[in-house]
Amino acid sequence: MLKYQGQVEVVIETLKKDLPTLFEKDISYDIYTNDIYFKDPVNTFKWKFNYRIIFWTLRFHSRLFFTKIHFDLHEVDRVDEDTILAKWTVRGVLRLPWKARLFFNGYSTYKLNKDALIYEHIDTWDREPKEILKQFLQPGKDGEDSSD
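Overview of the structure. Numbering of residues begins from 1 in every chain and follows the order in which that chain's sequence is written. It should be noted that, the model being predicted, local features are given only for residues of pLDDT at least 70 and side-chain atom pairs only at 80 or more, the latter also being counted only at that level, while totals for whole chains, interfaces and linings use all residues. Heavy atoms throughout the structure, all of them, feed into the side-chain values; hydrogens and water do not.

**Let's talk about the overall build of the protein**
This is how the line gets drawn: Under the scheme used here, helices are H or I runs from DSSP no shorter than 4 residues and strands are E runs no shorter than 2 residues, and both carry numbers assigned from the N terminus. Here the globule rule is a power law, 2.2 Å times the number of residues to the power 0.38, and the radius of gyration is based on C-alpha atoms. In this scheme, a residue with accessible area under 20% of its type's maximum is buried, one over 50% is exposed, and one in between is partly exposed, where area comes from a 1.4 Å probe on protein chains only. Contact between two residues is taken to exist if any of their heavy atoms lie within 4.5 Å; hydrogens are not considered. Under the convention used here, a 1.4 Å probe and the Shrake-Rupley method define accessible areas, while residue burial counts only the protein chains that appear. Think of it this way: Lys and Arg go in the positive column, Asp and Glu in the negative one, and His and the chain ends go nowhere. Think of each charge as sitting on NZ of Lys, CZ of Arg, CG of Asp or CD of Glu.
Secondary structure summary: the protein contains 3 helices and 6 strands in total. Counting from the amino terminus, helix and strand elements in the protein follow one another as α-β-β-α-β-β-β-β-α. Computed over the C-alpha atoms, the radius of gyration of the protein is 16 Å, within 12% of the 15 Å expected from 2.2 N^0.38 for a compact globule of 148 residues. The principal-axis extent of the C-alpha atoms belonging to the protein is close to 55 × 25 × 25 Å. Residue burial in the protein is summarised as follows: out of 148 residues, 39% are buried. Partitioning the contacts of the protein with sequence separation of at least 6, the portion at a separation of at least 24 is 57%. In the form shown here, the protein has an accessible surface area of approximately 8600 Å², with 57% of it arising from carbon and sulfur atoms. Side-chain charges of the protein comprise 23 positive and 24 negative groups, with the mean position of each set lying 4 Å from the other.

So, in structure tokens, the structure goes:
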């Protein structure tokens, strides 16, 4: 049991370190099982290979479509024996002449197996994907830079 508790702490600390920079550099995959299941409002898949691809895709598209993008990690807490919850905000400025701003909140629910490795990652967003996409059409306000 002590080994499990120690590994849970490693997972939490790794998430705290990795998540704020996920648009800039790769995360550590040591805390995930090979058959990790991922689901968010637009993607559902299984396996670490696909999990690695989604993070590569996030980094690629963030560089391509945004002049600034941030993943603000608010908290990472263990909510029960085998569940960790991370609350966050994504915000950025799109690489468009009207400098549209992206902003949405969400949380990630991570489920741990008996070895305290993450086998499931479910993301929940505070609005529908189509509502988030509508932000791309709205001009940013002059003098306002919500992405710093």
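**Let's talk about helix 1 (residues 2-18)**
Inclusion rule: Expected helix span is computed as 1.5 Å times (number of residues minus one). The reported arc concerns the directions from the helix axis to the C-beta atoms and nothing else.
Helix length check: helix 1, at 17 residues, gives a terminal C-alpha distance of 24 Å against a target of 24 Å (1.5 Å per residue), a fit within 8%. Along helix 1, the residues that are buried comprise Tyr4, Val8, Val11, Ile12, Thr14, Leu15 and Asp18. Seen from one end, helix 1 has its buried residues packed into an arc of 160°, which puts them on one side. Across helix 1 from its buried face, at more than 90 degrees, point the exposed residues Leu2, Lys3 and Lys17. In this structure, the buried side of helix 1 is in contact with strand 1 (32-39), strand 3 (66-80), strand 4 (83-94), strand 5 (101-112) and strand 6 (118-125).

**Describing the sheet that holds strand 1**
What holds strands together in a sheet is hydrogen bonding between their backbones, with the strands either parallel or antiparallel. Test applied: Two strands are counted as paired when DSSP detects at least two bridges linking them. Whenever a helix is involved, its axis is fitted only over the stretch in contact; in every case the axis is a line through C-alpha atoms, and angles between N-to-C directions fall within 0 to 180 degrees.
If you trace the 6 strands from one edge of the open sheet to the other, you get 2-1-6-5-4-3, paired in mixed fashion. Where the open sheet ends on each side, the last strands, each with one partner, are strand 2 (44-46) and strand 3. Mean inter-strand twist for the sheet, computed between neighbouring axes without regard to direction, equals 20°. With 11 bridges joining them, strand 4 and strand 5 adopt antiparallel strand pairing. Looking at strand 5, one finds that Thr83 is bridged to Lys111. Contacts between helix 1 and the sheet are confined to strand 1, strand 3, strand 4, strand 5 and strand 6, with strand 3 contributing the most and set at about 160° to the helix.

**Here we look at the packing of aromatic side chains**
To keep it simple, the criterion reads: The criterion for an aromatic pair is that two Phe, Tyr or Trp rings (for Trp, the six-membered ring) have centres within 6.5 Å, with stacked assigned to planes under 30 degrees apart, edge-to-face to planes over 60 apart and tilted to the rest. Only when the NZ atom of a Lys or the CZ atom of an Arg is both within 6 Å of the ring centre and within 35 degrees of the ring normal do we say a charge sits over the ring.
Enumeration according to the criterion identifies 12 aromatic pairs in this entry. With a centroid separation of 5.1 Å and an interplanar angle of 50°, the aromatic rings of Phe104 and Trp125 are classed as tilted. Note that Phe104 is positioned in strand 5 and Trp125 in strand 6, a separation of 21 residues in sequence. In this structure, Lys46 packs its charged tip against the face of Trp47, placed 5.8 Å from the ring centre.

**Notes on the nonpolar core**
Quick note on the threshold: Among buried residues, the Ala, Val, Leu, Ile, Met, Phe, Trp, Tyr and Cys ones that are joined through side-chain atoms within 4.5 Å form a nonpolar core.
In terms of nonpolar packing, the biggest core is built from 36 residues, with Leu15, Tyr32, Tyr51, Ile84, Val90, Tyr110 and Ile118 touching the most fellow members. Of all the secondary-structure elements, those providing two or more residues to this core are helix 1, strand 1, helix 2 (48-65), strand 3, strand 4, strand 5 and strand 6. The residues touching Tyr110, leaving out its near neighbours within four places in the chain, are Leu15, Leu19, Tyr32, Tyr51, Asp82, Thr83, Ile84, Ala86, Ile118, Glu120 and His121.

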